[in-house]
2 protein chains.
Amino acid sequence: MFEIIRRDGLARIGKFTTNSGRTMETPALFPVINPKINTVPARELYDKFGFKSLITNSYIIKNTPELKEKAQAVGLHEMLDFPGIIMTDSGTFQSHMYGEVKLTNEEIIEFQKSIGTDIGTVLDIFTEPYWTKEQTAESIEVTLERTQKACEMKGEMMINGVAQGSIYTDLRESCARRMATMDIDVHPIGGVVPLMEQYRYAELVDVIMSSKKGLNPNRPVHLFGAGHPMILAFAALMGCDFFDSASYAKFARDERMMFVDGTFRLAEMESLDCNCPACRGHTLEELRKMEKGKKTKLIAEHNLYQITQELNLVRRYIREGRLWELAELRCRAHPALLEALRKLKDYQDVMEQYDPISRDGAIFYTGPETRNRPVFKRYLDRLGTRYVLPTDKVALFEDNHGKPYSRPYEQDFDKARRAGYTPIVVAPFGPVPAELDELYPLAQSLFPQIPDMETETESERLTYQFLSMMGVKEVILQDQIPDDGTEEFDANMLRAKAVARYQFGIEAADALFREPVELVTSKKTGKIRNVISDGEHVLSMRAGDGLYTLKLEGAKRITQAVPKPHMRVQVMDDAVPFAAQGRNVFAQFVTECDPEIRTMEEVIVTDKDDNPIATGRAFLVPFEIEQMKKGMAVKVRSGSSDE
Amino acid sequence: MFEIIRRDGLARIGKFTTNSGRTMETPALFPVINPKINTVPARELYDKFGFKSLITNSYIIKNTPELKEKAQAVGLHEMLDFPGIIMTDSGTFQSHMYGEVKLTNEEIIEFQKSIGTDIGTVLDIFTEPYWTKEQTAESIEVTLERTQKACEMKGEMMINGVAQGSIYTDLRESCARRMATMDIDVHPIGGVVPLMEQYRYAELVDVIMSSKKGLNPNRPVHLFGAGHPMILAFAALMGCDFFDSASYAKFARDERMMFVDGTFRLAEMESLDCNCPACRGHTLEELRKMEKGKKTKLIAEHNLYQITQELNLVRRYIREGRLWELAELRCRAHPALLEALRKLKDYQDVMEQYDPISRDGAIFYTGPETRNRPVFKRYLDRLGTRYVLPTDKVALFEDNHGKPYSRPYEQDFDKARRAGYTPIVVAPFGPVPAELDELYPLAQSLFPQIPDMETETESERLTYQFLSMMGVKEVILQDQIPDDGTEEFDANMLRAKAVARYQFGIEAADALFREPVELVTSKKTGKIRNVISDGEHVLSMRAGDGLYTLKLEGAKRITQAVPKPHMRVQVMDDAVPFAAQGRNVFAQFVTECDPEIRTMEEVIVTDKDDNPIATGRAFLVPFEIEQMKKGMAVKVRSGSSDE
């Protein structure tokens, strides 16, 4: 069972429980244990490094008589002395390395069951990057057939159903879709080691993202063979949950030390600059002169500490909603990784569907790639479809980028409005009407004052595209605003309505602002707090992200004015009384929902007759709600029986 | 005494020795010890963290009767129980914080001497960033006067002569120049704390770089008040050697933890993801609940470990010649730092003078800022002045960027040449004639295959500028090269001459290639190894960077053909026999040298009559040779008496 606890876009922190009742937190790495070479004992992995899972090879165990006998007699967990989750591989990787293996799928599944594996693996066919499309497609059929067989045989053992497809994105996606329908428990993405070995990270992005489109969001995704600390943040950003590493030990035997910025040969290092518990207290010279076995162990431990350190950091950044930043930084360890980050732009649409409507804290620019984050794409999409220009004359303002984007020129904005012009700021991510300048992500973004050429050029292009799309009649610059304007306006009301349109759509906003409208503002800051429409409290504005929370009265207005499924999460009759009492809505009770819902978005929980029974914020996105049989779909704020 | 051991551009690893015989390695940080609050005892700083230096405040000691008495009785080192180097501050920072201090410069200098300080500080005047230019200029005169007085009084104590100047670059430079002429021992750059507190890092770049232009390269430069791990790499890149930190303890009292990516409040952290010896084994919850004193100590230790870890890393990257990469990465911790990195482009000319002609290993692209590194500026400068087009027709090739830049299309190059066209590759850093494609930094640079807009645009602009400057008559693209060319050419000879021109200049290269010329090539790789001109071995080509080492016979040819000071380092009579025997040349024996010499460049050591007596590679640059009274200026390869 896999439960998502926290998320940041496609990335997630989850709790995975095996049928045997063992648990682990994801993202996590499975260190590879070669049962014949015990570089770091399994017990130490558990006790000293905190690894709650490992992977070992059932093919090697099966082909080593004494290991086979022992494993079948006492079970894998006792043989390895490891109380955590044990995953076994099937021999597929050996077939990639050495050609055919003498073994049937049924034999290896049966064997894995017999030794008490928690998660066994199908004998899938490793699709090499150089294969033709036909060859790949044929081999996928065999893999799927074998996976089906494994599902029938699995019993209490969980099953890895490996998604393959070489570098063909359509095959990757269709294979993933078919895997999603089978009774497997984990989704490894296989056949990617050669891409990583050859630094073909841009293609790896294609492979992961096209697979993710098809995979069941209810199951952890394992990027088979990925375990270098430098790639963990980026892979987690694309929604990978499991990783594994044999390199920690293999590199150690070759005297190669892993760091987040690359791998370095002991012989070529100039100093040992490591505070990890393994290295601390040792000089480079000492380490070089160490007896071979001791040295291998120390380097293996160092490599494991680098991995755990980075995984901890990845989890921290997911919790903080800042994983994009860590991934963008880590991708600068190698130009091929940076290229992969740029390639991810091709998947902006998919990423946007999972990107939260709001996050805590600032968005730090790290380079031109930052503009490609889905959060900025969404802003521009909504600006294009949900914004109404108050006047057809515009005054363009220079951005005070570099400082948090908050009301830079309030007086000048007002001067423009008096003269009949709508103030629009030319910000690094595009045009920002003054009415929207406090909402997430605009007010929370920090860009350097010296822009890169791409950001500068795009910002101007987007602004002029926007002006032309909006049918603007006249454009002036901020220093051309006449002093003697006499137009009347209510800046707060302009903001209140513009934010509502941006957040809920134009039709819904009109319903929420039925006259007479009164704005309650903060005595201290003057900022909007509540919107009272026709005597009823319909909206409250959050100070943190400048967005609204929707009151039940507001929800009623919207359901009356705007047809389904807009903003709706419709639940079965059984769930109605619970939601009405303010309890959260779980995925299995949802019958229908608006496909445009994003995580952290305000939603209206409705019964089958479209009566609003609660308001809250979405946690899962529609694709997940549809696919997942459990998990919180909506965090309900208040239900109709509460009031 | 300050000895430079390794360098990477302006950054250096040095050994600093006080008059009292205590030593330390730079770059280094002086933890601040408040003699009244002993967060981490000085002895622990030395024993446990390896700090060989600290800074404490003589003003506070002087104003605290019991401390004053004890310090004067037993001396600072015994009072603090610290065997390393102790620097004391003078009360200047207190005057910045709280206004005037009741103290004269003479009093505080005398007091610092009386307590056995290793490095004392003048009571300089802290120039605030908001001061007028007049106010700043006047206060600098006072600071200089006081510094002069301190030099007269100092005795065995070393003296910090603080360079000031607010944000006025001309005042910064002139103050630094005057400080350089005085008998001080360390060059602090003062008055920068407010800039760092306000994230005005771009202005900090102006302040550091304009100061560096004037400061004596023979003395360590101390960036007063800088100690956050996120800024150390960048400041070291600009040639700062000393840092200090009071924040490690101050932040600890406020429960703020330093990391290379920023400072985080314990209360706001989501997890403790730290492997440092202080944190390891503790959970976030444990740390939060810890008794206040214990918690403060633990966080202070954590902060110190982050600093030592980063300083180790900075030293490692200097040794590896890769500090630009680390600094570029670290500057992505905050948009204001990235802005500062971009600001550094204004100082490309100065940076280029210190940038080595060659480095080991690849140059990794980390973002559009990478193109601003001085190494690429130099390439373009030399291409413009030292390259001769073999034909006036050019065939442009697309770059296979992303892969190491090495002979991507050798056969197509030859086809172009047969057809009478010179092959030129449009690389990310500009045009690269095929003859030069193996030399540093071209063959060693790794750029992503998906370029950023700035790099792409600049690459094209530079190529067309080059073509027009070279008077090219016809330009075709690689797929337009006719198949039926019949021109004869010697690709190796074209390369051999082009590299010689690029490295030594056109005149010198002509002298080195006096006919008949024979090229000795490697049997294994076919690459050029030696150049034999008119029967004499004049040049050898290094495989690593594709550049030549100059033989003494080659040096003779150059001195005969090209007037002084081109490539010369002229030494006094006393030094001639030593250099002739192959011994290195030290700065104090140099009487004159070519101002165009860069570090790692091939140079000719000559006597006063311009006779070549040795060849070797420069270690110091001309400004340093002129200013420094010691240190190796040329690493001699072979002298005239050797042969």
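Bear in mind the structure is a predicted one, so any value in this text is a computation, not a measurement. (Residues numbered from 1 in each chain as written. Chains lettered and ligands numbered in written order. Predicted model: local features only at pLDDT ≥ 70, side-chain atom pairs only at ≥ 80, totals over all residues. Heavy atoms only, no water.)

Chemist: Explain the overall build of chain A here, please?
Modeler: Along its length, chain A carries 25 helices and 29 strands. The C-alpha atoms of chain A give 28 Å as radius of gyration, which agrees with the globular expectation for 643 residues (26 Å, within 12%). Each principal axis of the C-alpha atoms in chain A carries an extent, and together these give about 90 × 60 × 50 Å. With 643 residues in all, chain A has 63% of them scored as buried. Restricting the contact set of chain A to residue pairs at least 6 apart, pairs at least 24 apart contribute 69%. (Helix = DSSP H or I, 4+ residues; strand = E, 2+ residues; numbered from the N terminus. Rg over C-alpha atoms; globule rule 2.2 N^0.38 Å. Buried < 20%, exposed > 50% of the residue type's maximum accessible area, 1.4 Å probe, protein only. Contact = heavy atoms within 4.5 Å.)

Chemist: Looking at this structure, how should I read the pattern of salt bridges?
Modeler: Side chains that differ in sign of charge can pair as their charged atoms come close. A complete count under the given rule lists 111 salt bridges over all chains for this structure. In this structure, the salt-bridge partner of D610 of chain A is R568 of chain A, at a minimum N-O distance of 3.0 Å. Of the two residues, D610 of chain A sits in the loop between β27 (602-606) and β28 (612-618) while R568 of chain A sits in strand β24 (residues 568-571), which places them 42 residues apart along the sequence. Salt bridges sharing partners connect three or more residues here, namely D261 of chain A together with R316, E320, R322, E325, E328 and R373 of chain B. (Salt bridge = Lys/Arg side-chain N within 4 Å of Asp/Glu carboxyl O.)

Chemist: Even after reading the chapter, I still don't get the pairing of strand β29 (residues 632-639) of chain B, so can you show me in this structure?
Modeler: Successive side chains on a regular strand alternate, one facing one side of the sheet and the next facing the other. All names here are of chain B. Bridge analysis of strand β25 (residues 585-586) against β29 gives two bridges, and the strand direction is antiparallel. Following the sheet pairing, F586 is matched in β29 by M632. Inspection of the sheet shows strand β28 (residues 612-618) paired to β29 by five bridges, in the antiparallel sense. Within β29, the position partnered with G616 by the bridge is V636. (Pairing = 2+ DSSP bridges.)

Chemist: Quick question: what am I supposed to make of unusual backbone geometry here?
Modeler: For residues other than glycine, phi is negative in most cases, and the peptide bonds are mostly trans. Residue Y440 of chain A is joined to P441 of chain A through a cis peptide bond whose omega torsion reads 5°. Of the consecutive residues K564 of chain B and P565 of chain B, the connecting peptide bond is found in the cis state with omega at 0°. Positioned with a positive phi, D610 of chain B is a non-glycine residue whose angle comes to about 65°. On the basis of relative accessibility, which here comes to 16%, the residue D610 of chain B falls in the buried class.

Chemist: In this structure, what is going on with the relation of the copies chain B and chain A? I would like to understand it.
Modeler: Relating one copy of the chain to the other takes a rotation about an axis and a shift parallel to that axis. The transform that puts chain B on chain A rotates by 180° and translates by 0.0 Å along the axis, for an RMSD of 0.1 Å. Such a combination of rotation and displacement between the chain copies is what one expects of a two-fold axis. A shared binding surface is used by both copies, with 100% of the interface residues of chain B retained as interface residues in chain A. (Least-squares fit on C-alpha atoms with pLDDT ≥ 70 in both.)

Chemist: What is the right way to look at the packing of aromatic side chains in this model?
Modeler: The description of an aromatic ring pair rests on the distance of the ring centres and on the angle between the ring planes. All names here are of chain A. The full count for this structure, using the stated rule, is 34 aromatic pairs over all chains. A ring pair is formed by F376 and F429, whose centres lie 5.1 Å apart and whose planes are at 10°; its orientation type is stacked. Here F429 lies in the loop between β16 (422-427) and β17 (430-433) and F376 lies in helix α18 (residues 374-386), a separation of 53 residues in the sequence. Considered together, F376 and F429 belong to a single accessibility category, that of buried residues. (Phe/Tyr/Trp six-rings, centres within 6.5 Å; stacked < 30°, edge-to-face > 60°.)

Chemist: Mind showing me how you'd approach the packing of helix α6 (residues 105-114) of chain A against helix α7 (residues 133-153) of chain A here?
Modeler: In a packed pair of helices, the relevant descriptors are the angle between the two axes and the axis-to-axis distance. All names here are of chain A. Between α6 and α7, whose axes approach to 10 Å, the crossing angle comes to 35°. Crossing of α6 over α7 shows right-handed handedness. Across the interface between the two elements, N105, E106, I109, E110 and K113 of α6 pack against R146, K149, A150 and M153 of α7. Grouping the constituent residues of the contact of α6 with α7 by class yields three nonpolar, one polar and five charged. (Axes fitted to C-alpha atoms, helices over the stretch in contact; angles between N-to-C directions. Left-handed = near helix turned anticlockwise from the far one by under 90°. Nonpolar A, V, L, I, M, F, W, Y, C, P; charged D, E, K, R; others polar.)

Chemist: I'm lost on the side chain of S139 of chain A in this one. Help?
Modeler: Mapped onto the elements, S139 of chain A comes out in helix α7. Excluding its chain neighbours within four sequence positions, the residues that come into contact with S139 of chain A are I125, T127 and W131 of chain A.

Chemist: Would you mind going over the side chain of T26 of chain B with me for this structure?
Modeler: Residues and elements named next belong to chain B. Along the polypeptide, T26 turns up in strand β3 (residues 23-26). Accessibility expressed as a relative area gives 0% for T26, which makes it buried. In contact with T26, other than residues within four places in its own chain, are F2, R12, I13, G14, F16, D241, F242 and R315.

Chemist: Can you walk me through a nonpolar patch on the surface in this structure?
Modeler: Residue and element names in this part refer to chain A. On the surface, a nonpolar cluster with roughly 230 Å² of combined accessible area is contributed by M572, F586 and F589. Position of F589 relative to the elements: it lies in the loop between β25 (585-586) and β26 (590-593). On the accessibility criterion, F589 (31% relative accessible area) is partly exposed. (Patch = residues over 30% accessible without salt bridge, like charges linked within 9 Å, V, L, I, M, F, W, Y side chains within 5 Å. Areas by Shrake-Rupley, 256 points an atom, 1.4 Å probe, with all protein chains shown as cover.)

Chemist: So what exactly am I meant to see when it comes to the environment of E518 of chain A here?
Modeler: All names here are of chain A. Tracing the backbone through its elements, the reader meets E518 in strand β20 (residues 517-521). Given the relative accessible area of 47%, E518 is considered partly exposed. Spatially, the C-alpha atom of E518 lies 6.3 Å from that of S533, the residues being 15 residues apart in sequence. For E518, the residues in contact, after removing those within four places along its chain, are N530, V531 and I532.

Chemist: Just checking my understanding: could you explain the sheet that holds strand β1 (residues 2-8) of chain B for this structure?
Modeler: The strands that make up a sheet pair up through hydrogen bonds in the backbone, lying either parallel or antiparallel. All names here are of chain B. Reading across from one edge, β1-β2-β3 is the order of the three strands in this open sheet, with antiparallel pairing throughout. The sheet is open, and its two edges are formed by β1 and β3, each paired on a single side. The mean inter-strand angle of the sheet, taken between neighbouring strand axes irrespective of direction, is 10°.

Chemist: Just checking my understanding: could you explain the interface of chain B and chain A for this structure?
Modeler: Many structure descriptions define interface size as the accessible area lost when the parts assemble. Chain B puts 46 residues into the contact, and the matching count from chain A is 46 residues. Buried surface at the junction of chain B and chain A, summed over both partners, amounts to about 4400 Å²; 55% is from carbon and sulfur atoms. Remark: the boundary between chain B and chain A carries three salt bridges. A salt bridge links D261 of chain A to R316 of chain B; the shortest N-O distance between them is 3.7 Å. Our enumeration of links across chain B and chain A arrives at 19 residue pairs in polar contact (both at pLDDT 80 or more). The element best represented in the side of chain B that touches chain A is helix α14 (residues 292-319) of chain B, accounting for eight residues. (Buried area = accessible area lost by both parts, 1.4 Å probe. Polar contact = N/O pair within 3.5 Å; in protein donor to acceptor, adjacent residues only side chain to side chain.)

Chemist: I would appreciate a short explanation of the environment of V314 of chain B in the present structure.
Modeler: All names here are of chain B. In this structure, V314 sits in helix α14. Judged by its relative accessible area of 1%, V314 is buried. In this structure the C-alpha to C-alpha distance between V314 and N492, which are 178 residues apart in sequence, comes to 40 Å. Setting aside chain neighbours within four positions, we find V314 in contact with P27, L232, A233, A236, L323 and L326.

Chemist: How do you make sense of the confidence of the model for chain A when you look at a structure like this?
Modeler: For residues with low pLDDT, the predicted coordinates do not support detailed interpretation. Across chain A, pLDDT averages 93, with 98% of residues at or above 70. We note a pTM of 0.91 for the whole complex and an ipTM of 0.86 for its interfaces. (pLDDT = per-residue confidence, 0-100.)

Chemist: Just checking my understanding: could you explain the packing of α14 of chain B against helix α15 (residues 323-330) of chain B for this structure?
Modeler: All names here are of chain B. The contact between α14 and α15 brings their axes to 7 Å, and the two run at 140°. With respect to each other, α14 and α15 are oriented oblique. Of α15, the residues touching α14 (which contributes E310, L313, V314, Y317 and I318) are L323, L326 and R330. Taken together, the residues of the contact of α14 with α15 break down into six nonpolar, no polar and two charged. (Parallel < 35°, antiparallel > 145°, perpendicular 65-115°, else oblique.)

Chemist: Hey, could you run me through the sheet that holds strand β21 (residues 528-533) of chain A in this one?
Modeler: Residues and elements named next belong to chain A. With antiparallel pairing, the four strands of this open sheet are ordered in space as β20-β21-β22-β23. Single-partner strands in this sheet number two, and they are β20 and β23 (548-550). Recorded for the sheet is a direction-independent mean angle of 25° between the axes of neighbouring strands. The sheet contact formed by β20 and β21 spans five bridges and is antiparallel. Of the residues in β21, the one forming a bridge with T521 is I528. Lying over the sheet, helix α21 (residues 491-504) contacts β20, β21, β22 (536-541) and β23, oriented at roughly 65° with respect to β23.

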